[in-house]
Amino acid sequence: MAEPLPASSLDQLFREARSYNGWLDKDVSEQQIEAIWELMKMGPTSANQLPARIVWCKSPEAKERLASHATEKNRPKIVTAPVCAI
C-alpha cells in the first residue's frame, strides 16, 4: 500500500494552492509543455473522460483567436501569456 502524502504536500497541492494571475515574460518550451502533459494527461477529468483533451495556444494567431471569444477583461491576459491551455 502506498504511503499517504505528508501534510506539507497536501497543503501545497490542495489547501494553500491558488491560481496565479500573472506569469514571467519567458517562453514556454515544447519540452515543458510535453512534461506538463505527461504529468497530468491521465488524471481524472469531467465525467472521467480520459485522456484529457487540451489545446495549447502558443502562436500569436492562436492566442488572438482564443482572446476573441473571451471577456474583455481576459483578452489582454490571453494575448500576452507565453502559452494558453484550454
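Residues numbered from 1 in each chain as written. Predicted model: local features only at pLDDT ≥ 70, side-chain atom pairs only at ≥ 80, totals over all residues. Heavy atoms only, no water.

Peer 1: An account of the overall build of the protein is needed here, citing residue identities and associated values.
Peer 2: In terms of regular secondary structure, the protein is built from four helices and two strands. The linear arrangement of helices and strands in the protein, starting from the amino end, is α-α-β-α-α-β. Reported as C-alpha extents along the three principal axes, the dimensions of the protein are approximately 50 × 25 × 25 Å. Here the protein, with 86 residues, has 14% of them falling under the buried criterion. (Helix = DSSP H or I, 4+ residues; strand = E, 2+ residues; numbered from the N terminus. Buried < 20%, exposed > 50% of the residue type's maximum accessible area, 1.4 Å probe, protein only.)

Peer 1: Let's hear about the confidence of the model for the protein: which residues, and what values?
Peer 2: In this model, the protein carries an average pLDDT of 89, and 94% of its residues clear a pLDDT of 70 or more. Here helix H1 (residues 7-15) stands out as the element of the protein with the lowest mean pLDDT, 91, in contrast to helix H3 (residues 60-67), whose mean of 97 is the highest. (pLDDT = per-residue confidence, 0-100.)

Peer 1: So what's going on with the pattern of salt bridges? Which residues, and what values?
Peer 2: In this structure the tally under the stated criterion is five salt bridges. One salt bridge in this structure joins Asp 11 and Arg 15, with 2.8 Å as the shortest N-O distance. With Asp 11 and Arg 15 both in helix H1 and four residues apart, this pair spans about one turn of that helix. You can call Arg 15 partly exposed: its relative accessible area is 48%. We note a salt bridge from Glu 30 to Lys 58, for which the minimum N-O separation is 3.7 Å. Of this pair, Glu 30 sits in helix H2 (residues 30-40) while Lys 58 sits in the loop between strand S1 (56-57) and H3, placing them 28 residues apart in sequence. According to the relative accessible area criterion, Glu 30 is partly exposed, its value standing at 44%. Salt bridges here are not isolated pairs; linked through shared partners, they connect Asp 27, Glu 30 and Lys 58. (Salt bridge = Lys/Arg side-chain N within 4 Å of Asp/Glu carboxyl O.)

Peer 1: Describe the environment of Ala 81, naming the residues involved and giving the relevant values.
Peer 2: Considering the arrangement of structural elements, one finds Ala 81 in the loop between helix H4 (75-80) and strand S2 (84-85). By relative accessible area, which is 6% here, Ala 81 ends up buried. Here the alpha-carbon distance between Ala 81 and Lys 58, two residues 23 residues apart in the chain, equals 8.5 Å. Filtering out sequence-adjacent residues up to four positions away, Ala 81 remains in contact with Trp 23 and Lys 63. (Contact = heavy atoms within 4.5 Å.)

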